[in-house]
Amino acid sequence: MKVHREEATMENHVTQISREHLEELREAFNKIDIDNSGYVSDFELQELFREANFSLPGYKVREIIEIFIAGDTNKDEKISFEEFVAIYQELKSKELSETFRKTISRRDGIRSFGGTSQISSVGTQHSYSDEEKVAFVNWINKALAKDPDCQHLLPMDPNDESLFTSVRDGILLCKMINLSQPDTIDERVINTKKLTTFKMTENLVLGLNSASAIGCTVVSIDAHDLMAGKPHLVLGLLWQIIKVGLFADIEISRNEALIALLKEGEQLEHLLSLSPEELLLRWVNEHLRNAGTETISNFSDDIKDSRAYFYLLDQIASKGEDDYQMSVKIDMSGLGVPDLDERAELMLQQAARLDCRQFVSPHDVTSGNSKLNLAFVANLFNMYPAMDRVKANGIDTAHIEGETREEKTFRNWINSLGVSPYVNHLYWDLCDGLVILQLLERVNVPVNWKKVNNPPYPVLGANMKKLENCNYAVELGRNVAHFSLVGIGGENLNEGSRMHTLALVWQLMRRYTLLVLSDLGDGEKVGDQVILNWVNTTLSQKHKDTQISSFKDKLISTSLPVIDLIDAIAPGTVKWDMVKRGEKGVLKDEEKLNNAKYAVSLARKIGARVYALPDDLVEIKPKMVLTMFACLMGHGLKKANR
């Protein structure tokens, strides 16, 4: 884009844009508005600024969006060209940055900060809970206490703001991800010495892309946000990462004893469809029934008096005498203490005897902090499930299929986009069509939400409403997105058909991945051969020996083409002493996996949002291999065009 001379009037300090510059802004707008609707979505605004050669950090873009939405009279969360120009003018005149007023106040354990600008008189405000900050600091201090790479950060003081600065170099973020999902990041890729701003940014990019790969929503967070220590974003991201780890084993295929929670007359499919939160509630109530006391219906109001927790701990300890060789006898006398805060403290002292005093303080219990109490219970379950393994309600557990790697990858990709509700089960949670419709919108397929049925659904005819949504999703996929949906109808999605749901989700993921190549034209027109040609041409231009004939090429199992391509895109990134080449070019399985782990983490470190897993490369899974190379191509093209 050319450099234009622009004038700001003395009256209002708003930059006047020349006609020529206006045309170039229109050109940038049209590149993002690929469906020619005349609007871009709020989540596309950051990319639009980049096209207009006016890059802004993610947190600043989000502040602008929040202010814009607050003053958006039609509440459609869409931005027209005229609205974009108005925002752009104000930014260019520096009014936004000069008039943003940051304030920090503290009341009742809640810290708030916000700002206002001339775009709207309505201020933005974010808040965070001191209790949650303290809980996360204590959890991290314990979990990473022995990690040599975190000694410069730990232990953190839960009473100050050190948590927010601790993520600045990216090391703690990467370590927390591996704590929740082991081996997500190849730790050889983490920069731990001579940490320049560039190296810290690399760590943060690696962490954010890896968090996305395990299902965390990071579409509105960037490295600048974390380096700046934005409190609400740091806490929000850490909670997502911690939650992934806490919930990892609260799933029937990984803990068959949970079948004991099946109610009389209930089908196994319904139990399989429950979220970890719902399973935890059933687990607690199973123990409460065994104790002969009242059950609970939530982790907020119903646990404030600590009664449920006392009985739960007692049941765990009594079971543990055989299962865990414990000799702990829970002191139940605290139930007679009238002061609830004092009672909660006595209860937590009993939890400490089981080494389970994490996440909650007495006040968190008596105030009913549902997030922290959920974490407390999840940790209890992970430490001591205390379930009768022989009780399987007559079900043959050998026939329970766990989530496949492909299903997990798709589910994590879906959740990383911030869909609502969160997807715990790829098939059951998509059967009302709502998530599919959100995904269609993410790949720039316009959805008329007035035609969509939203919950709560009527008691009678609920499934019909869900089926209508599924039919609409298939209609859009077939007629607007032009997906290949032969033999797929709304009823297949509504019934949770594995084969049909996977077929549609794969095409959605492929379209989403190829949208990063929009500079080459519409995402759908970028075929496999275009990507393949770019890979081989790039490798040749950088004098690399590796070439691939297809996304099924056996050489891909070594990951050498991927590593060579990363070196071609980002010279100096690869530490070649880490790369295994085998004897006479033949690699053992262990060496292949070693290379694959290194390649995936390197790709994420240089900025490619890769969802493929190391095993996908070793086993040469063509679909995931395609997404890997497409993401690297998109990153390479963006870097070349800067």
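Preceding this paragraph is the structure being described.
Residues numbered from 1 in each chain as written. Predicted model: local features only at pLDDT ≥ 70, side-chain atom pairs only at ≥ 80, totals over all residues. Heavy atoms only, no water.

Participant: Sorry, what's going on with the pattern of salt bridges here?
Facilitator: If charged atoms from side chains of opposite charge come close, those side chains can pair. Summed over all chains, the structure comprises 23 salt bridges. Here Glu-187 makes a salt bridge to Lys-175, at a shortest N to O gap of 2.6 Å. Linking Glu-187 in the loop between helix H8 (171-180) and helix H9 (197-213) with Lys-175 in helix H8, this pair joins segments that are 12 residues apart in sequence. A relative accessible area of 35% means that Glu-187 is categorised as partly exposed. Residue Lys-175 is classed as buried on the basis of its relative accessible area, which comes to 4%. For Arg-357, the salt bridge goes to Glu-345, with nearest N and O atoms at 2.7 Å. Of this pair, Arg-357 sits in the loop between helix H15 (340-353) and helix H16 (362-366) while Glu-345 sits in helix H15, and the two are 12 residues apart along the sequence. By relative accessible area, which is 31% here, Arg-357 ends up partly exposed. The partly exposed category is assigned to Glu-345, whose relative accessible area is 25%. (Salt bridge = Lys/Arg side-chain N within 4 Å of Asp/Glu carboxyl O. Helix = DSSP H or I, 4+ residues; strand = E, 2+ residues; numbered from the N terminus. Buried < 20%, exposed > 50% of the residue type's maximum accessible area, 1.4 Å probe, protein only.)

Participant: It is not clear to me how the nonpolar core should be interpreted in this structure. Could you clarify?
Facilitator: Generally speaking, soluble globular proteins have nonpolar side chains that are buried together. Trp-283 and Ile-531 are the most contacted members of the largest nonpolar core, which totals 175 residues. Element by element, the count of residues in this core is highest for helix H11 (residues 231-247), at 11 residues. Excluding its chain neighbours within four sequence positions, the residues that come into contact with Ile-531 are Leu-514, Leu-517, Val-526, Phe-551, Leu-626, Phe-629, Ala-630 and Met-633. With 21 residues, the next largest nonpolar core counts Leu-25, Val-40, Leu-48 and Val-61 among its residues. (Core = buried A, V, L, I, M, F, W, Y, C linked by side-chain atoms within 4.5 Å. Contact = heavy atoms within 4.5 Å.)

Participant: Help me understand the packing of helix H19 (residues 434-442) against helix H22 (residues 498-514) in this model?
Facilitator: Axis angle and axis distance: for two packed helices, these are the angle between their axes and the distance between the axes, and together they describe the pair. Between H19 and H22, the least distance of the axes is 9 Å, while the angle of their chain directions is 25 degrees. The angle between H19 and H22 falls in the class roughly parallel. Two packed elements cross with a definite hand, and for H19 against H22 that hand is left-handed. Contacts from Ile-436, Leu-439, Leu-440 and Arg-442 of H19 reach H22 at Leu-504, Val-505, Leu-508 and Tyr-512. Here the contact of H19 with H22 is built from residues that sort into seven nonpolar, no polar and one charged. (Axes fitted to C-alpha atoms, helices over the stretch in contact; angles between N-to-C directions. Parallel < 35°, antiparallel > 145°, perpendicular 65-115°, else oblique. Left-handed = near helix turned anticlockwise from the far one by under 90°. Nonpolar A, V, L, I, M, F, W, Y, C, P; charged D, E, K, R; others polar.)

Participant: Where do I start with the environment of Leu-613 in this structure?
Facilitator: Its place among the elements puts Leu-613 in the loop between helix H25 (589-605) and helix H26 (614-618). Assessed through its relative accessible area of 26%, Leu-613 is described here as partly exposed. C-alpha of Leu-613 to C-alpha of Ala-599: the two residues are 14 residues apart in sequence and 9.8 Å apart in space. The contacts of Leu-613, once residues within four sequence positions are left out, are Arg-405, Thr-409, Val-600 and Arg-604.

Participant: Where do I start with H19 in this structure?
Facilitator: With eight of nine residues buried, H19 lies mostly within the body of the structure. For H19, the full list of buried residues reads Leu-434, Val-435, Ile-436, Leu-437, Gln-438, Leu-439, Leu-440 and Arg-442. Buried residues in H19 make contact with helix H18 (405-416), helix H20 (462-479) and H22. Asn-444 sits one or two positions beyond H19 and adopts a positive phi of about 65 degrees.

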